[in-house]
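# Tertiary structure, described
Read off the chains here:
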Amino acid sequence: MPRIDIFSCEPFRAWNRLEARPRHAEFDKVLEADVHDALWMLTRQWQFGELQGEDTGSAIFSKIYMKTTAITHVKTANGKAQPFDDSIPLEERIESMPYKLDFKSKLEAAYIFLRCLDRAGENANPVVPNASKLYKPNLIKKFGIDEIAPVQNGDTNATIIGKVKSLSNDNYVNMVNASAGRYFDGAKLYVAIIASHVNAIAAISLGGDTPLLTAALNDFVAWYQKNFVVSPAESSAWVPSKLEYQFDCALPAEDGNNIVLSADQYYSGDLDWFSMDVNKVETVEGISGAADAGDMLNIKEQLLSVIPVEAKFAGAPNSRFWQFEDGKVDLGNINAQTTDLSKLVFTEYALMYNTDWLLVPYRVPVGTLCEIKGIIVTDVFGQQFFVQSATQGNTDNWAGWGMYNLSTVNPDGARNVPTDTRLLVLPNVVKNLESEPAEEVFFVRDEMTNSIWAIESSVGDELGSNTDGHNSSRSFTEALKAVDTTPVTNETDVDVMFRYTLANTVPENWIPFIPVHSDELNRQVKLQRAAMPRLFNNEFTHIRPVTQLLREGIAGDDDEKAKAYFINEEEIPRAGVQLSATFQRTRWYNGAVINWYGYRKQVGRGEGSSGLYYDRVDAVKK
C-alpha cells in the first residue's frame with residue numbers, strides 16, 4: 001500500500017491495486033464481495049474522503065410544490081386575439097398560409113363534390129342513385145372549364161403575354177383542354193356557395209331537390225375548409241417585411257394579470273420554448289392586462305410527494321464500489337477536441353457529476369407554463385434541504401443561461417434581469433411530414449449592381465407539383481420571343497468598330513429589390529421590390545414574380561398596378577436567404593390528421609451576380 005497523508009487522505013503519487021486473492025478452486029464466494037468487517041468499510045470511506053463531505057446522505061423523500069398556468073389566448077401578428085384550444089397543433093395555427101389552388105386541386109374539389117352528391121342521394125328519401133350523373137351537366141354549364149386558346153390576331157399585348165405563360169407549360173395545357181367541356185371547377189363552386197348558398201342551389205337544381213343539395217353542399221364546404229386554408233393572409237402571423245412569423249400567447253398569472261409570451265423572430269419551422277420570450281415591454285391588444293375570471297381557473301397548484309431516484313443512462317458509472325459498469329458504452333474512449341463543447345460537457349457530467357442528479361417523475365400538461373415554487377428533500381439522516389433553481393443569473397450573463405430558461409424583455413429594453421426559470425411546454429408537433437418545396441426563392445446580394453435579387457428557383461406547375469424556375473422562365477421567354485414582332489437590329493455596316501448597349505436584361509425569374517431610404521431617416525435603408533422591364537411588340541411591361549412568396553401587394557393580373565412591398569435591409573445578410581413554401585402533415589394526439597401550408601426561412605448560398613449592366617461599349621469582333 002502507498003503512504004497515506006492522514007490529513008488530506010492523499011497518497012504520495014504511488015498507487016497499488018487492491019484485489020481479492022482466492023484460496024479455493026471455486027470463485028463463487030469470492031465474487032460475492034462479502035464484507036465481514038464494518039470497520040473496514042468505514043476505513044475505506046475515510047480513505048476516500050467521504051467522511052469529509054457534507055452531502056453524503058442519500059435522498060429518500062422529497063416534496064415538490066408546483067404551480068402551472070395554461071395558454072388561454074393566441075394573437076397573430078396580423079390578426080386579433082383568439083381563444084386557445086389544443087385541438088390542433090400550435091404550428092398549424094401560426095404557420096398556416098393561404099394556398100392558391102392549382103388546377104389539379106380544382107379538379108379534386110370537383111370530384112369530391114360529385115361524391116358528396118352520390119352520398120346525399122343514397123341518404124335521400126326516396127333514394128336517388130348516381131346523383132352525380134344527374135347534376136354534372138348543370139355543374140359543367142355553370143362552373144365549366146374553358147380551353148386555353150392559342151394566340152390570335154388582334155389580341156392585345158397583355159392578352160398575348162397571359163396566353164403564352166399558359167401555353168409554355170405543355171402538360172398544363174393538355175390537362176386543361178382535356179378537361180374543358182367534361183368537368184367543372186370545384187374552386188368556382190366553393191366561391192359561389194360562400195357568396196350565396198341559395199343561388200348555388202338554384203344554379204344546379206333540377207327541381208324539388210333542395211334537401212339533397214343542401215346536404216351535399218354542407219359536406220363539400222366542410223371538406224374544402226378542412227383541406228384548404230380559406231382565411232385571408234391579412235389575419236396570419238407572417239410578417240412579409242421581416243420574412244418571419246410573429247405571435248403572442250397569454251397565460252393568467254397569480255396577480256390577476258396576463259403573462260405575455262412573444263415570438264418575434266420565428267421562421268425555422270421548429271417551434272419550441274426557445275422561440276418565446278417573456279414580454280414586459282409591449283401592450284398586446286386583446287392579451288395584455290387583467291385576465292378574465294374564467295381564465296384564472298387555468299392556474300393549478302399541486303403538492304407532489306415522491307421518492308427520488310438516480311439519473312441513469314447507458315454506460316453510467318455505478319455509485320457502488322463493487323458494481324461493474326455496462327461495458328457496451330466505453331466512456332474512456334471518447335475522443336473530444338477542445339472545440340467539442342457539447343461532448344466535453346456530457347463527458348464531465350457522465351464521469352464526475354452523474355451521481356449528483358436525481359429524477360422526480362412529473363407529467364407537465366401540454367400548453368402550460370410550469371413553475372416549481374420549492375423542493376424539500378429529506379435524506380437518510382432525517383435532514384431536510386430546500387432546493388432552489390441552479391440558474392439564477394441575468395439574461396445577459398453567460399452564467400444565467402440554462403436549458404429551458406426563458407429570456408425576459410423589460411420596459412427599459414434591458415435584459416440584465418434574473419432569468420425566468422419556468423418550464424414552457426408548447427402544444428407543438430413532435431414529428432411531421434414535409435413535402436418538397438412547392439415554391440422556393442433565394443435572396444442574394446449583388447454588390448456590382450448594389451441590389452438584392454430574389455431568384456425563383458422552384459415554381460408551381462399547376463398540376464400539384466413544382467418545376468425548375470430557371471427552365472420555366474427560359475421556356476416562357478423563348479415562346480414569347482417567337483410571337484414578338486419587334487424589329488431586330490440588323491448590323492450592315494462592316495466598318496463599325498464598337499457596339500453601344502444601353503442595357504441588357506436578366507432572366508425573368510430574377511426579381512430585383514433595390515435600396516430606398518426609410519421613412520424620414522436618410523441614414524437607414526430598406527429594400528423595395530422593383531420590376532425589370534419587358535420589351536414586347538415595341539411596348540414595355542413590368543415583369544412580375546410568379547411565386548406567392550413574392551407577390552405581396554399584387555392581387556390581380558401582372559399588368560395591374562402593384563402595391564409597394566418592402567423588406568427590412570437587415571433581413572438579407574451577406575450569406576443570403578432561402579425562403580421556401582411546403583405542405584406539412586402530422587397526426588395530433590387526439591388522432592386527427594392535420595395538414596397545413598407554411599413558409600420557412602433558412603440561410604442562403606452566399607452572394608451572386610446577375611450580370612446586369614448599363615451604358616456599355618464593346619469592341620466588335622471581325
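Residues numbered from 1 in each chain as written. Predicted model: local features only at pLDDT ≥ 70, side-chain atom pairs only at ≥ 80, totals over all residues. Heavy atoms only, no water.

## Topic: the overall build of the chain
Applied cut-off: Put simply, DSSP H or I for four residues or longer makes a helix, DSSP E for two residues or longer makes a strand, and each gets a number counted from the N terminus. Each residue is assigned to one of three classes by its accessible area relative to the maximum for its type, calculated with a 1.4 Å probe on protein chains only: buried under 20%, partly exposed between the two thresholds, exposed over 50%. Residue contacts follow a heavy-atom distance rule, with two residues in contact if any of their heavy atoms lie within 4.5 Å. Per-residue and other accessible areas follow the Shrake-Rupley method at a 1.4 Å probe size, with only the shown protein chains counted as cover for residues.
The helix and strand inventory of the chain stands at 13 helices and 27 strands. Classification of the 622 residues of the chain by burial places 38% in the buried group. Residue pairs in contact within the chain that sit at least 24 positions apart in sequence constitute 68% of those at least 6 positions apart. With the model as given, the accessible surface of the chain reaches about 38300 Å², and the carbon-plus-sulfur share is 52%.

## With respect to the environment of Glu478
Along the chain, the position of Glu478 falls in helix α13 (residues 469-482). Each C-alpha atom, one on Glu478 and one on Val164, is 9.8 Å from the other, the two residues being 314 residues apart in sequence.

## Points about the confidence of the model for the chain
We apply this condition: pLDDT measures how confident the predictor is about each residue, on a scale from 0 to 100.
Mean pLDDT over the chain works out to 85, with 89% of the residues at or above the 70 mark. Confidence, read as mean pLDDT per element, is least for helix α1 (residues 28-31) in the chain (70) and greatest for strand β16 (residues 439-446) (95).

## Considerations on unusual backbone geometry
Keep in mind that most residues, glycine aside, have a negative phi and that most peptide bonds are trans. For the peptide bond that leads from Asn125 to Pro126, omega is 5 degrees, which places it in the cis range. If you check the backbone angles, Tyr404 has positive phi at about 75 degrees while not being a glycine. Tracing the chain through its elements places Tyr404 in the loop between β12 (384-387) and β13 (407-409). When its relative accessible area of 41% is taken as the criterion, Tyr404 is described as partly exposed. You will see that Asn450, though not glycine, has its phi angle at about 55 degrees, which is positive. Relative to the helices and strands, Asn450 resides in the loop between β16 and β17 (451-460).

## Brief notes about the environment of Tyr245
Heads up, the condition is: In the analysis that follows, any N or O atom pair within 3.5 Å is treated as a polar contact, provided that within protein one partner can donate a hydrogen and the other can accept it, and provided that, for residues neighboring in sequence, both atoms belong to side chains.
Looking at the element boundaries, Tyr245 is found in strand β5 (residues 244-252). Separated by 169 residues in sequence, Tyr245 and Thr76 place their C-alpha atoms 8.3 Å apart. Ignoring anything within four residues of it in the chain, the contact list for Tyr245 reads Ile94, Glu95, Met97, Ala237, Trp238, Ala263, Asp264, Gln265, Tyr266, Gly598 and Tyr599. At 2.9 Å, the side chain of Tyr245 and the backbone oxygen of Glu95 are in polar contact.

## Description of the packing of helix α8 (residues 186-195) against helix α10 (residues 210-227)
Which entries qualify depends on this criterion: Axes here mean lines fitted to C-alpha atoms, for a helix over just the part in contact, with angles spanning 0 to 180 degrees between N-to-C directions. Reported orientations rely on four angle classes, namely roughly parallel under 35 degrees, roughly antiparallel over 145, roughly perpendicular from 65 to 115, and oblique for the rest. Crossing handedness follows the turn of the near helix against the far one: under a right angle anticlockwise gives a left-handed crossing, and clockwise gives a right-handed one. Classification used: nonpolar for Ala, Val, Leu, Ile, Met, Phe, Trp, Tyr, Cys and Pro, charged for Asp, Glu, Lys and Arg, polar for all others including Gly.
One way to put it is that α8 packs onto α10 with a least axis distance of 11 Å and a crossing angle of 110 degrees. Relative to α10, α8 is oriented roughly perpendicular. With respect to the hand of their crossing, α8 and α10 are arranged in left-handed fashion. Here Gly186, Ala187, Leu189, Tyr190, Ile193 and Ile194 of α8 lie close against α10, whose contacting residues are Leu217, Phe220, Val221, Tyr224 and Gln225. Tallied by class, the residues present in the contact of α8 with α10 amount to nine nonpolar, two polar and no charged.

## Some words on the pattern of salt bridges
The condition that has to hold: Should a side-chain nitrogen of Lys or Arg be within 4 Å of a carboxyl oxygen of Asp or Glu, the pair is scored as a salt bridge.
Summed over the entire model, instances satisfying the criterion amount to 16 salt bridges. Put simply, Lys67, Glu254, Glu301, Glu371 and Lys373 are held in one network by salt bridges that share partners.

## Some details on α8
We count it as follows: An arc is given here, and it is the one of the directions from the helix axis to the C-beta atoms.
Among the residues making up α8, those that are buried are Gly186, Ala187, Leu189, Tyr190 and Ile193. Viewed end-on, α8 has its buried residues packed into an arc of 155 degrees, placing them on one side of the element. Among the exposed residues of α8, those pointing more than 90 degrees away from its buried face are Val191 and Ala195. Packed against the buried residues of α8 are α4 (103-123), α5 (131-143), α9 (197-204) and α10. Capping the start of α8, Asp185 holds a side-chain oxygen 2.9 Å from the backbone nitrogen of Ala187, two or three residues further along.

## Section: the packing of aromatic side chains
For clarity, the cut-off: Paired rings are identified among Phe, Tyr and Trp, the last through its six-membered ring, by centres lying within 6.5 Å, and are further divided according to the angle between planes into stacked (under 30 degrees), edge-to-face (over 60) and tilted (the rest). For a Lys NZ or an Arg CZ to count as sitting over a ring, it must be within 6 Å of the ring centre and within 35 degrees of the ring normal.
Applying the stated criterion across every chain yields a total of 24 aromatic pairs. Seen from their ring centres, Tyr597 and Tyr599 are 6.3 Å apart, and the 80 degrees between their planes marks the pair as edge-to-face. When sorted by exposure, Tyr597 lands in the same class as Tyr599, which is buried. By way of ring pairs, the aromatic residues Tyr99, Trp238, Tyr245, Phe247, Tyr266, Phe583, Tyr597 and Tyr599 are connected into one cluster. Just above the ring of Phe566 sits the side chain of Lys526; from NZ or CZ to the centre is 4.2 Å.

## Overview of the side chain of Ser610
Position of Ser610 relative to the elements: it lies in the loop between β26 (593-603) and β27 (614-619). Within the structure, the side chain of Ser610 is placed 2.8 Å from the side chain of Asp446, a separation counted as a polar contact. Here the side chain of Ser610 touches Leu612 through a polar contact of 3.3 Å, landing on its backbone nitrogen. The contacts of Ser610, once residues within four sequence positions are left out, are Asp446, Thr449, Trp453, Val506 and Trp510.

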